[in-house]
Amino acid sequence: MPRIPHPNDRRTLPRARHWSDHAACAGATADFFPVGKRGVPASVLAGDAKATCQRCPVRAACLTHALTFREDYGVWGGLDEDERADLLLRARRAAERQRRKEREQQKEKEKADASASA
Ligand code: SF4
């Protein structure tokens, strides 16, 4: 007799497709996600994982996920943990430079307005 799914049974309900359904690393073992150990940085151990990422159709989504959720370990979207940390640091610095520039422009505008009204 066929099983009738319960309406709240997550195992039988259809779910929306997720980017990870198309991951080239699907089914990979924990070795795929190397973590630096014994003085060897993860970036050195990550060559095989990065090669897989190069041919992965969901690389951009994977990297976006890792950056958004601050995945600290392993290779995501073709970048190891050090490369992702560097990318986030550069993005933070660029955002800070932009905010500083906008504050300076605002101050200059206020100065110009003040001298125009004096
Ligand atoms: S980009 Fe790399 S880590 Fe991400 S899903 Fe694809 S193969 Fe896996």
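Summarised in this report is the structure supplied together with it. From a predicted model like this one, the values you see are computed outputs, not experimental measurements.

Bringing the overall build of the chain into the picture now. A tally of regular secondary structure across the chain gives four helices and zero strands. The buried share of the chain, reckoned over its 118 residues, is 12%.

Neighbouring the ligand are 13 residues; A23, C25, C53, C56 and C62 lie closest to it. Going through the elements one at a time, α2 (47-54) and α3 (59-68) are the ones with two or more residues in the shell around the ligand.

Here the focus is the environment of E81. Note on placement: E81 falls in helix α4 (residues 81-117). Accessibility expressed as a C-beta count within 10 Å gives 22 for E81, which makes it buried. Separated by ten residues in the primary sequence, E81 and E71 have C-alpha atoms spaced 8.0 Å apart.

Take the environment of C53 next. Along the chain, the position of C53 falls in helix α2. The spatial distance from the C-alpha of C53 to the C-alpha of G78 is 4.9 Å, given a sequence separation of 25 residues. Ignoring sequence-local partners within four residues, the contact set of C53 consists of R59, V75, G77 and G78.

So, on to the nonpolar core. A46, A49, C53, V58, C62, A66, V75, W76 and L79 form the largest nonpolar core, which has nine residues in total. When residues of this core are traced back to their parent elements, those giving at least two are α2 and α3. Every residue in contact with V58, bar those within four places of it in the chain, is listed here: W19, H22 and A23.

So, about the environment of A61. Looking at where A61 falls in the secondary structure, it is placed in helix α3. On the basis of neighbour counts, which here come to 16 C-beta atoms within 10 Å, the residue A61 falls in the partly exposed class.

So, how was this worked out
Residues numbered from 1 in each chain as written. Predicted model: local features only at pLDDT ≥ 70, side-chain atom pairs only at ≥ 80, totals over all residues. Helix = DSSP H or I, 4+ residues; strand = E, 2+ residues; numbered from the N terminus. Buried ≥ 20, exposed ≤ 12 C-beta atoms within 10 Å, placed from the backbone. Near = placed C-beta within 6 Å. Contact = placed C-beta atoms within 7 Å. Core = buried A, V, L, I, M, F, W, Y, C linked by C-beta atoms within 7 Å.

Remember, this is a structural readout, not a statement about activity or role.
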